[in-house]
Amino acid sequence: MANQSSFIKLEGTIGDVTFYKGRNGFHARQKGGVSKERILNDEKFRRTRENLAEFSQAATSSKLLKDVFGEITLRVRDARIHNRLYSKVLKVLRSDLVNDRGERLVQNGDFSLLADFQFNYNSMMESTLYGQYEVQSGGSDVELVFQPFIPTKHVLHPKGATHFRLFVVAAGVDFEQVTYGSSYVASAEFPINTDTLSGIVLTVPKATGFGPVQFYGLGIEFLQMVNSKYYDLNNRAHNSAKIILIEP
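Cut-offs and rules
- Residues numbered from 1 in each chain as written.
- Predicted model: local features only at pLDDT ≥ 70, side-chain atom pairs only at ≥ 80, totals over all residues.
- Heavy atoms only, no water.
- Pairing = 2+ DSSP bridges.
- Helix = DSSP H or I, 4+ residues; strand = E, 2+ residues; numbered from the N terminus.
- Axes fitted to C-alpha atoms, helices over the stretch in contact; angles between N-to-C directions.
- Buried < 20%, exposed > 50% of the residue type's maximum accessible area, 1.4 Å probe, protein only.
- Contact = heavy atoms within 4.5 Å.
- Core = buried A, V, L, I, M, F, W, Y, C linked by side-chain atoms within 4.5 Å.

Some details on the sheet that holds strand 10 (residues 201–205)
- Ordered in space as 5-6-10, the 3 strands form an open sheet in which the pairing is antiparallel. Where the open sheet ends on each side, the last strands, each with one partner, are strand 5 (133–137) and strand 10. Sheet twist, expressed as the mean angle between neighbouring strand axes with direction ignored, is 15 degrees.
- Judged from the 5 bridges that link them, strand 6 (residues 141–146) and strand 10 form a sheet pairing that is antiparallel. When the bridges of strand 10 are listed, Asp141 appears paired with Pro205.

Structure (structure tokens):
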């Protein structure tokens, strides 16, 4: 590393030399590091190549899952959703017991590692919706049957919310072909200041036609009624959703 002594202080890169301002003044350093060609061909970097291959595959699959759950990510805001989903998918990939390191595939992994994944880490389902429900997986449908609950007691709602809505997303994914399909079902809008709600059942068709792995997610979104119209509340930061069922 060299110091800049000229009265002209440079910042940026010229050729292989980078000029920058540090804690102790202006400095210059030459571009270094291991070349891409060496990483791709040198036997010493075999482990690095294996890691890069699996990181790339996990990134592709996590991006696919984020797209799969577009109906949820449109309604639930979490700035770190991509990083958290990528971390989970990488664990699924590394659970592949069929292929060797560097060749492991998400589709051969243990998808149960994605069970109960929270789409909003700052507003988890268990701390937002206290109402009990049962997931019933039939031949062609998945039903969520809710026990009676009182919204003012069993729903932790943000200030300004007047109503809430429950929704279910069913998605089928083919990680090998990088394709998917999904469907969305929502409840009516329920006033928060209301009596006991009962008889709520959400039914969504199974996603078996979209891919060999099916994911089902439950969510809750908060709304504000103004002049008989419903509006999203606080940029959806208080909405919650999680994966409730996986059927590989």
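Back to the write-up after that little detour.
A look at the side chain of Lys206
- Mapped onto the fold, Lys206 is located in the loop between strand 10 and strand 11 (213–226).
- Look at Lys206 and you get buried, because its relative accessible area is 18%.
- When residues no more than four places from it in sequence are discounted, the contact partners of Lys206 are Ser137, Gly138, Gly139, Ser140, Asp141, Val142, Tyr216 and Glu247.

Description of the nonpolar core
- Leu65, Phe69, Phe111, Phe119 and Phe215 are the most contacted members of the largest nonpolar core, which totals 28 residues.
- Of all the secondary structure elements, the ones that give two or more residues to this core are helix 2 (46–68), helix 4 (81–94), strand 7 (163–174), strand 11 and strand 13 (240–247).
- When near neighbours in sequence (up to four residues on either side) are disregarded, Phe215 contacts Leu65, Phe69, Phe111, Leu114, Val169, Ala170, Ala171, Val173, Phe175, Ile243, Leu245 and Ile246.

Notes on the environment of Arg46
- Along the chain, Arg46 turns up in helix 2.
- Overall, Arg46 belongs to the partly exposed group, its relative accessible area being 41%.

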